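Below are the chains, spelled out letter by letter.
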Amino acid sequence: MTFHDYFAKAQSIKGLDKALWPVLESITSASVKVSHDLQKAALLDGVLGAQGGQNIQGEEQQKLDVIADIAFINAFENCGSVAGIGSEENEAHLAFDTEKTKSASYVVLFDPLDGSSNIDVNVSVGTIFSIYKRTSKYGQAATLEDMLQAGGKQTVAGYVLYGTSTMLVLSWGDGVQGFTLDPSSGTFILSHSNMRMPESSRLYSMNEGNIKECEPGVAAYIAFCQSKENDYNGPYSGRYIGSLVADFHRSLIKGGIYIYPNVPAAPKGRLRLLYECNPLAFIAEQAGGLATTGRKRILEIEPEALHERAPLFIGSKNMVEKAMSFLN
Ligand code: AHG
Ligand code: MN
Ligand code: MN
């Protein structure tokens, strides 16, 4: 079944808002373009490598970060259902300025390309997105407050993984579905229905270069994973791709825990609450997993700033609970 047919069915059975389709179609069309650009990146001029600037987070922007950002913004602006966006690559939110977009119901927060450090080495990257109903008055420009909503209020959350195949994984609060791009038709087809995250597994995922820098409870939990005194009576396997979306996708399918704690270089964690932690937390919970800061449920955080960061403990329910038990 195509993604469009799946949506149409859910719309007629569950009463999903029809105005969501143009937003979702924007995501599929922009991601097909980005997927093509990624596949041909090394063969095209001006696609691989650093852009020569920094984004608002002080991180080096890659050319593909900017190419993907523009592709998604253009698609959202033209779809008619999006009043404004917030993106990792732009300092301020953007309110679209036509009569139609000012009356649109939704705002989108997104990380256009997650895993920038993996672009040049042909390793999986992704796009992560969150769709919210705006809270400001229809007919007026979208506001920052529209963007700063707790993750629990997401209407749709999802990601596109540009891996060995390109996959769209999303949830509108009725479980998690996965669609695989058929490159010959440019269509996403339902390939993984009702995805469930295993309650535990033998996989942990963390940038262990940080282990001596983070709070003692995190190091103690990782030592537990590596010991013989754990629930598998032997060391778990460490897996860290360095693209959150790819590490999360593995955890969704095979189970596991992904941890990005506070570290001195990133005292509030490295990952961005609005367009990395929140959408993946929504998916994790919809699939039976958990997502916390180590102490608090991610989806309950009231955001204060567009580029706010949060520590993230996400994945299989039993593993996240166990990791949290090691923290004070
Ligand atoms: P982005 O490429 O969007 O800036 O995000 C990178 C994130 C995330 O994808 C990944 O898990 C993490 O940063 C990797 O950080 P380290 O290099 O510190 O491990
Ligand atoms: Mn990212
Ligand atoms: Mn990014």
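Procedures and definitions
Residues numbered from 1 in each chain as written. Chains lettered and ligands numbered in written order. Predicted model: local features only at pLDDT ≥ 70, side-chain atom pairs only at ≥ 80, totals over all residues. Heavy atoms only, no water. Near = heavy atom within 4 Å. Polar contact = N/O pair within 3.5 Å; in protein donor to acceptor, adjacent residues only side chain to side chain. Areas by Shrake-Rupley, 256 points an atom, 1.4 Å probe, with all protein chains shown as cover. Helix = DSSP H or I, 4+ residues; strand = E, 2+ residues; numbered from the N terminus. Pairing = 2+ DSSP bridges. Contact = heavy atoms within 4.5 Å. Axes fitted to C-alpha atoms, helices over the stretch in contact; angles between N-to-C directions. Donors = N, O, S within 2.8 Å, 3.2 Å for Na, K, Ca; no water. Buried < 20%, exposed > 50% of the residue type's maximum accessible area, 1.4 Å probe, protein only. Parallel < 35°, antiparallel > 145°, perpendicular 65-115°, else oblique. Left-handed = near helix turned anticlockwise from the far one by under 90°. Arc of directions from axis to C-beta. Domains from an automatic or database assignment. Buried area = accessible area lost by both parts, 1.4 Å probe. Salt bridge = Lys/Arg side-chain N within 4 Å of Asp/Glu carboxyl O.

Enquirer: How should the site of ligand 1 be read in this particular structure?
Expert: Of all residues adjacent to ligand 1, which total 18 residues, the nearest are D114, Y240, Y258, Y260 and R270. At a separation of 3.0 Å, an oxygen atom of ligand 1 approaches a polar side-chain atom of D111. At 2.6 Å from an oxygen atom of ligand 1 is found a side-chain nitrogen or oxygen belonging to Y240. Starting from 470 Å² of accessible surface for ligand 1 in isolation, the protein chains cover 86%. At the level of secondary structure, the elements contributing two or more residues to the shell around ligand 1 comprise β5 (106-114) and β13 (257-260).

Enquirer: Can you help me understand the sheet that holds β13 in this one?
Expert: In sheet architecture, strand pairing relies on hydrogen bonds along the backbone and comes in two forms, parallel and antiparallel. Spatially, the five strands line up as an open sheet ordered β12-β11-β13-β15-β14, and their pairing is mixed. If you trace the sheet from one side to the other, it starts and ends with β12 (237-238) and β14 (290-292), each paired once. Across three bridges, the pairing between β14 and strand β15 (residues 312-315) is antiparallel. For L290, the partnering residue across the bridge sits in β15 and is G315. Its contacts with the sheet put helix α6 (residues 216-226) on β11 (203-205), β13 and β15, and the angle it makes with β13 is roughly 150 degrees. In the packing of helix α7 (residues 244-254) onto the sheet, contacts are made with β11, β13 and β15, and the angle to β11 comes to roughly 160 degrees.

Enquirer: It is not clear to me how the coordination of the manganese ion (ligand 2) should be interpreted in this structure. Could you clarify?
Expert: Reference geometry at the metal: tetrahedral coordination by four donors gives ideal angles of 109.5 degrees; octahedral coordination by six donors gives 90 or 180 degrees. Of the protein atoms, only D111 (OD), D114 (OD) and E276 (OE) coordinate the manganese ion (ligand 2), at distances of 1.8 to 2.2 Å. For the manganese ion (ligand 2), the donor residues sit on a single chain with the sequence spacing D-x2-D-x161-E. In this structure, the manganese ion (ligand 2) lies 3.7 Å away from the manganese ion (ligand 3), the two metals sharing D111 as a donor. A residue is classified by how much of its surface remains accessible, and D111, at 0% relative accessible area, is buried.

Enquirer: Looking at this model, I keep getting lost on the packing of helix α1 (residues 3-14) against helix α2 (residues 20-40). Mind explaining?
Expert: Two numbers describe a pair of packed helices, the interaxial angle and the distance between the axes. Contact pair α1 / α2: the axes reach a minimum separation of 11 Å and the direction vectors enclose 160 degrees. Taken together, the axes of α1 and α2 lie roughly antiparallel to each other. Along this stretch, α1 crosses α2, giving a crossing that reads as right-handed. Contacts from F3, H4 and F7 in α1 reach L20, W21, L24 and T28 in α2.

Enquirer: It is not clear to me how helix α9 (residues 317-325) should be interpreted in this structure. Could you clarify?
Expert: Side chains that are three or four residues apart share a direction in an α-helix, a result of its 3.6 residues per turn. Looking only at α9, the buried set comprises M319, V320 and A323. For α9, the angular spread of the buried residues around the axis is 100 degrees, confining them to a single face. Residues of α9 that are buried sit in contact with β11, α6, β13, β14 and β15.

Enquirer: Would you take a moment to explain the sheet that holds strand β4 (residues 94-95) for this structure?
Expert: The mixed open sheet is built from eight strands, whose spatial order is β4-β3-β5-β6-β7-β8-β9-β10. On the outer flanks of this sheet lie β4 and β10 (187-192), each paired with one strand and no other. Pairing of strand β7 (residues 156-162) with strand β8 (residues 166-171) involves six bridges; the strand directions are antiparallel. Paired with V160 across the bridge in β8 is L168. Where α1 meets the sheet, its contacts fall on β8, β9 (177-182) and β10, and the angle it forms with β9 comes to roughly 150 degrees. With respect to the sheet, α2 is in contact with β3 (82-87), β5, β6 (125-133), β7, β8, β9 and β10, its orientation differing from that of β7 by roughly 15 degrees.

Enquirer: Explain the domain arrangement of the chain to me, please; I cannot follow it from the model alone.
Expert: Reports of interface size often rely on the accessible area that becomes lost once the parts have come together. Domain annotation for the chain reports domain 1 (3-192) and domain 2 (203-325). The centre of domain 1, based on its C-alpha atoms, is set 23 Å off from the matching centre of domain 2. Facing the 48 residues of domain 1 at the interface are 31 residues of domain 2. Between domain 1 and domain 2, roughly 2800 Å² of surface is buried when both sides are summed, and carbon and sulfur atoms account for 62% of that area. Where domain 1 packs against domain 2, one counts one salt bridge. The salt bridge partner of R272 is E88, with a shortest N-O separation of 2.9 Å.

Enquirer: Before we go on, may I ask you to explain the side chain of Q154 in this structure?
Expert: Examined against the element boundaries, Q154 turns out to sit in the loop between α5 (144-147) and β7. For Q154, a relative accessible area of 6% gives the class buried. Among the polar contacts listed, one links the side chain of Q154 to the side chain of S130, at a separation of 2.4 Å. For Q154, the side chain forms a polar contact with the main-chain oxygen of N278, separated by 3.1 Å.

Enquirer: What is the right way to read the side chain of S35 from this model?
Expert: Summarising the element assignment, S35 is placed in helix α2. A relative accessible area of 4% means that S35 is categorised as buried. With residues near it in sequence (within four places) discarded, S35 still touches Y162, T166 and L181.

Enquirer: Looking at this model, I keep getting lost on unusual backbone geometry. Mind explaining?
Expert: Unlike most non-glycine residues, N122 shows phi in positive territory, near 60 degrees. Positive phi outside glycine occurs at N194, with the angle close to 45 degrees. Residue position: N194 is located in the loop between β10 and β11. N194 gets classed as exposed once you look at its relative accessible area, which sits at 52%.

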